[in-house]
Amino acid sequence: MINSMLESIGYTGWILHALIWMPILGMGLVLWAEEETAKHVAFWWSAVVFVLSLGLWWAFDPSEAGMQMVSQTSWIASWGVSYSLGIDGISLFMVMLTTFSSSIAILGSFNYIKVRPRAFYSLMLLLEAGVVGVFSATDVFLFYVFFELTLVPMYFIVGVWGGERRIYAAIKFFLYTAFGSLLMLVGILYLFYKAKTLLGFPTFAYADLLQVPLTGTEQLWLFAAFALAFSVKVPVFPFHTWLPDAHVEAPTPGSVILAAVLLKMGTYGFLRFLLPLFPVAAQHPTVVTTMLVLAVIGILYTAWVAAVQPDAKKLVAYTSVAHMGFVVLGIFALTVNGLQGGLVVMISHGISTGALFLLLGMLYERRHTRQIADFGGIARVAPLLTSAFVLTALASIGLPGTSGFVGEFLALLGAFETHRVFAVIASLGVIFAAYYMLPMVQKVFFNALDKPENREIEDLSRREMVILAPLCALMIWIGWNPTPILTRMEPTVRAVLERVEAAAPSGQTSITLEDGSQVVIAPADAQAPLVDPELNDDPPDDAAVIDGE
Amino acid sequence: MHASLAAVLVQGGQATAEAAGHFEPFYPGLIILLPLIGFLLNGVLALRHGVASATAVRGGGELDLDTGGRPATHTLPSLIGPGVMLLAFLLTVVNFTRMLGAHIEEPVVISYWTWMATGTFTVDAAIQLDQLSMIMMMVVTGVGFLIHVFSVGYMKADSGYPRYFAYLNLFVFFMLTLVMGSSYALMFVGWEGVGLCSYLLIGFWFSDKEKADAGKKAFIVNRIGDVGFLVAMFLLYVTFGTVDFVAVFHDAETLAYGGSLVTAIALFFFLGAAGKSAQIPLYVWLPDAMAGPTPVSALIHAATMVTAGVNLVARSSVLFALAPVAGATVAGVGVLTALFAATIALKQNDIKKVLAYSTVSQLGYMFVGVGVGAYSAGVFHLMTHAFFKALLFLGAGAVIHSMHEAYHSTHSHEDAQDMRNMGGLKAHMPITWVTMWIATFAIAGIWPFAGFFSKDEIIWQTAAFGGATHAPYPMLYTVYWVIALAAAMLTAFYMTRMMVMTFHGTNRTGEEESKHLHEAPVVMWAPLAVLATLSVVGGWINVPESIRESFLGLGPLTSEWLHHWLEPITAQATHIQAANLGELSHSAPVGGGEFMWALISTVLAIAVVATTFRMVGQKEIVPAAQDVELTGFAKVLYNKWYVDEFYDRVIVEPILRTSRFFWKVIDAGIIDGVVNGVGWTARGVGFVISMFQTGSVNTYAFILTVGVLVILGVSIF
């Protein structure tokens, strides 16, 4: 029924454009509104955008692995740049997560943002448009534009509405990520020229670039350039130190968006570009080992660092790095379970860490402090807030029955299939998650209510309940019924892995171009092996650690 | 999912037809669902109540509940909490009786919806009804119901009353998930879920830092074990492609006997079991868990949750039977824990601490049972222990309740749990006194109480296993057997000491206070009476042939029912064991048959009880406030062998120190040092950057606009 309704309004034809351009239109509305009403305009507008995006759940064809709802308009013809959008199983939930978290974050900022609300809310909408663009662009140039575009509003959100050290944090954030993405730009241009030489016409289309045959060495260099850009974004250890600073200084809604979706742009990049474009490099034993080692360090090291943070927000910021470590682990397991698990962690982390930042923001609005030591015994005066926080904390540390478990479990399971030792070490993260989270929960919400200021803390308001209720419901719903999500992602995940496997050193040496005409292109250096022999002496397999017989 | 939830309620899900045999399950999904409904209802009440008392706290006061009678906010939870448990228990009884008449060989699996399906890994939200899950369900809902009823009296005056019942119901929901789930993955849901409830209930009085600490410790230590459980599941998945019980056990026999894979799987599972069931080296959380309300200690930390590890090993009997090294490890850890915890119990003065270490010790016995392949004996002791240890804890609860009110009346701050402040309580609380003695006889292994039969069976099986034709390490099992016998004597000693210090001799509570000592109300003593009955007759359902023929067997009153009942579960393991070990021994390492050693052990136990009774009875015991500090070995035992201190020094503190090192030196020092260095260099070199950093939003907005225009401009050409 819903499907036919969506069909009758031609939903799939315009929805992706609407999700990008409506927030931009909303910017105008917000700027046009009064300072006092700007927040309401922004919220209701983003809520409408979110409701529109809900149709994707039904309109998306779960049996299709490739891009859906595609549309293509030439933009800069001389460069072969096009304004082309589309989503597949990997981007579907990222888009929905973006529209959802945007409206939640805007609603959560009502009491927090006191100065220049119009400017703030228009930047939030711009950010939403940019992130949706990142997740739905099928032109690499367009992707890069959106990728960089998100930097700008976030820079201002931190730099203008942030805390005391906001300038330092904003510049650190900007320089770190801009540095990373510059390398990616070089990589993109290299791909572009390579494609132009081979195909004879300029193109930035993702589908075309996929067809560009690359030698193993080229793949490794390009992989490195792209991986660096995305690793800063994720962030992967040791590129993570911008994140705690940015989070601590960012206003609540900034932190929510940062944690919920901006970090996901990094792991999304892994899945969208690193694996499909550079499959040989992505399964190169050294590369895989490096990524897994960094993932495992991220999981354990940041968990330990998180545990000793005196600032609750910084603690949660560090836990983000640990969670994203599970995503990287799942991705570079190069198994169906690993990728699926990584994607679920991305969704789950978006929900639970977003909720944690909202809750910490609510506490901050009440007490004007984030220091754990300033709290204590809050559960007695704010039972609703405490319940929501405890549930969210449990989802964050992956308690079964919540979304966090499904993701971490599958990511670890997937990693165990191909890399037992890494998976077992990463499993220890389960212990250290409890080690960082529970003491914080105890010191803030339990123990004696011994500080007079804390006695006056109000419980959740109606607006805050409206914010938290859907987040809590999603954590539990995904925890018990992730299958509808998993089935929608599965075909795309399989396609990515098949592409990686097909490029295995023993695979083909020429690649078929699928632009409709089925042209077989012999690579310029057709004689060159796809991978340098010396780069490939040990197979990516350590599966024989424990033998059965 | 909605359709399947409806299916739970209307049709009871869809049973696999071919496996069902004659057994028609009767709304089994409701058994799990009822406590969940109870949790949701009580949860709403708890939140409403919490909001009300929060308003009072903000007003500078407390919500006044001391109105004499039962506060109005307590009525609904009192009905819902025990009510859903009674219904769940009755449903379990119906299913149990149906299964009794059906003689099914295969488990009945009822699937409700697909929980996770990634494409290569699938696990259903499904329950499995078989002989083992049925026994566990009977214990969980039956004993659980009694403890819910007891709680109505015990928690009467507590301001967190609705929250208490919400947590307790949630616990039962997860515990039933643990025992009824049809796969390791679902068992793990229950496994961590009960850990969560344990955490919440240990820290129930969260304003007290010590209690909140204890809850946190329980959770973290349990998670160490949980990693083992996870890794074992991963190994199962890569080996069999599934973690469903039926499929795994079906394929398990393809694994090589004694192979490293099956040994690894079994040992990782046992790591999980050691966490949840408080075995060496992960037992340290359980004694601290006594910080929770006493009925919680009875339900979670004695009767049900802590036995989950035993249930896990019994459930995985095939895997453990294939891994003799794992079996020897399980039995070895079990017997060491039994002895070690018993020695600590000798010197404790807190009545709940004695019972806590006693629980650790008895869990050790259960692991000895399942470790030597006597799976039904392990489950048997799990069941009888649920009866008598729940009774002991509830009895202790009644005592503490009475002591607390006595001290409350004079506003004294003496310790209501310290046995040195008790003495002579039998005059004030006769029912509690009698029922607790029954439980003491049961745990001490005195004929014909329940514990005699179950503990004796385990000790005997240890000897029989060690003397088997091809036993892997016969000497080792002889050592196990001797330790198990010795620990049994220690049990008789510390339990009698506890009873004498609590109930006999002269009262040490205080003159004024002792006037307020009283017997528990009927809502509390009635569950004691039921459990006391079960602590006697509960052992009669599994009396082996050789004993039943003698005068120890009580004639027609007893049977070997449980052993036969569990045969469909254990048959595969028994078969593997018989094929590889040969025949079990019929005599102990030093000679003598099962009957003789049963007789010897019960005579010894009686002797220890009698001697201890005289010894402790004649000793002068002074109230806690006047007592002197212990010295020498007694002090070491009193301080629990300083294991907590050892762990703090060797594990906890180094981790904290390393964490600070990582943060201060590596993160803030090295990495940020490099980053800031690069940043400053860039700033110094490129004046362009400083031009951009005007700090003015307008400038940035201008640059942004120009950038966009440039791109748009290019697009025109």
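Remember, it's a predicted structure, so these values are computed and weren't measured experimentally.

Caption draft 1: Structural context of the packing of aromatic side chains. Per the stated rule, a full pass over the model turns up 81 aromatic pairs over all chains. In this structure, Arg272(A) packs its charged tip against the face of Tyr206(A), placed 5.7 Å from the ring centre. The ring of Trp663(B) has Lys664(B) lying over it, and the distance from NZ or CZ to the ring centre is 4.0 Å.

Caption draft 2: Layout of the confidence of the model for chain B. Residues and elements named next belong to chain B. Residues with a pLDDT of 70 or more make up 90% of chain B, whose mean pLDDT is 89. In this model, residues 1–20 is a region of pLDDT below 50 whose contacts with residues beyond four sequence positions or in other chains number 35 contacts. Scoring the predicted complex yields pTM 0.91 and, for the interface, ipTM 0.91.

Caption draft 3: Fine view of the nonpolar core. If you look at the biggest cluster of nonpolar residues, it comprises 479 residues, and the most contacted ones within it are Leu275(A) and Tyr184(B). The residues touching Tyr184(B), leaving out its near neighbours within four places in the chain, are Phe229(B), Met233(B), Leu236(B), Val243(B), Phe245(B), Phe249(B), Phe269(B), Leu312(B), Ser316(B) and Leu319(B).

Caption draft 4: View of the pairing of strand E3 (residues 122–129) of chain B. Residue and element names in this part refer to chain B. Here E3 lies mainly inside the structure; 6 of its 8 residues are buried. With 8 bridges connecting them, strand E2 (residues 108–117) and E3 associate as antiparallel partners. Considered in E3, the bridge of Val108 is made with Leu129. Taking the residues between adjacent antiparallel strands as the criterion, E2 and E3 are bridged by 4 residues, where Gly119 takes a positive phi near 120 degrees.

Caption draft 5: Expanded view of the pattern of salt bridges. This structure, assessed with the given rule, holds 24 salt bridges over all chains. Its salt-bridge partner being Asp450(A), residue Lys451(A) comes within 3.5 Å of it at the nearest N-O pair. Owing to a relative accessible area of 24%, Lys451(A) belongs among the partly exposed residues under this scheme. Overall, Asp450(A) belongs to the exposed group, its relative accessible area being 52%. Bridged by salt links that share partners, the residues Arg165(A), Lys172(A), Asp245(A) and Asp672(B) form one connected network.

Caption draft 6: How the structure looks around the interface of chain B and chain A. With 73 residues of chain B at the interface, the matching set in chain A holds 84 residues. Summed over both partners, the interface of chain B with chain A buries about 7300 Å², with 71% contributed by carbon and sulfur atoms. Summed over the three residues of chain B that lose the most area to chain A, namely Arg58(B), Arg223(B) and Phe234(B), the buried surface amounts to 10% of that side. Here chain B is connected to chain A by 2 salt bridges. Between Arg58(B) and Glu458(A) there is a salt bridge, and its shortest N-O distance comes to 3.9 Å. Scanning the region where chain B abuts chain A turns up 27 residue pairs in polar contact (both at pLDDT 80 or more). If you list the elements that add at least two residues to the side of chain B that touches chain A, you get helix H3 (28–58), E2, helix H7 (184–202), helix H8 (209–240), helix H10 (260–276), helix H28 (643–685) and helix H30 (697–716) of chain B. Counting residues per element, the side of chain B that touches chain A draws most heavily on H8(B), which supplies 16 residues.

Caption draft 7: Molecular detail of the packing of helix H5 (residues 89–107) of chain A against helix H24 (residues 462–480) of chain A. Residues and elements named next belong to chain A. Interaxial distance between H5 and H24 falls to 9 Å at its minimum, and their mutual angle equals 150 degrees. Here H5 is positioned roughly antiparallel relative to H24, judged by the angle of their axes. Crossing hand, H5 versus H24: left-handed. In this structure, H5 uses Phe100, Ile104 and Leu107 to contact H24, whose residues at the interface are Arg463, Val466, Ile467, Pro470, Leu471 and Leu474. Here the residues of the contact of H5 with H24 are counted per class, giving 8 nonpolar, no polar and 1 charged.

Basis of the calculations
- Residues numbered from 1 in each chain as written.
- Chains lettered and ligands numbered in written order.
- Predicted model: local features only at pLDDT ≥ 70, side-chain atom pairs only at ≥ 80, totals over all residues.
- Heavy atoms only, no water.
- Phe/Tyr/Trp six-rings, centres within 6.5 Å; stacked < 30°, edge-to-face > 60°.
- Lys NZ or Arg CZ within 6 Å of the ring centre and 35° of its normal.
- pLDDT = per-residue confidence, 0-100.
- Contact = heavy atoms within 4.5 Å.
- Core = buried A, V, L, I, M, F, W, Y, C linked by side-chain atoms within 4.5 Å.
- Buried < 20%, exposed > 50% of the residue type's maximum accessible area, 1.4 Å probe, protein only.
- Helix = DSSP H or I, 4+ residues; strand = E, 2+ residues; numbered from the N terminus.
- Pairing = 2+ DSSP bridges.
- Salt bridge = Lys/Arg side-chain N within 4 Å of Asp/Glu carboxyl O.
- Buried area = accessible area lost by both parts, 1.4 Å probe.
- Polar contact = N/O pair within 3.5 Å; in protein donor to acceptor, adjacent residues only side chain to side chain.
- Axes fitted to C-alpha atoms, helices over the stretch in contact; angles between N-to-C directions.
- Parallel < 35°, antiparallel > 145°, perpendicular 65-115°, else oblique.
- Left-handed = near helix turned anticlockwise from the far one by under 90°.
- Nonpolar A, V, L, I, M, F, W, Y, C, P; charged D, E, K, R; others polar.

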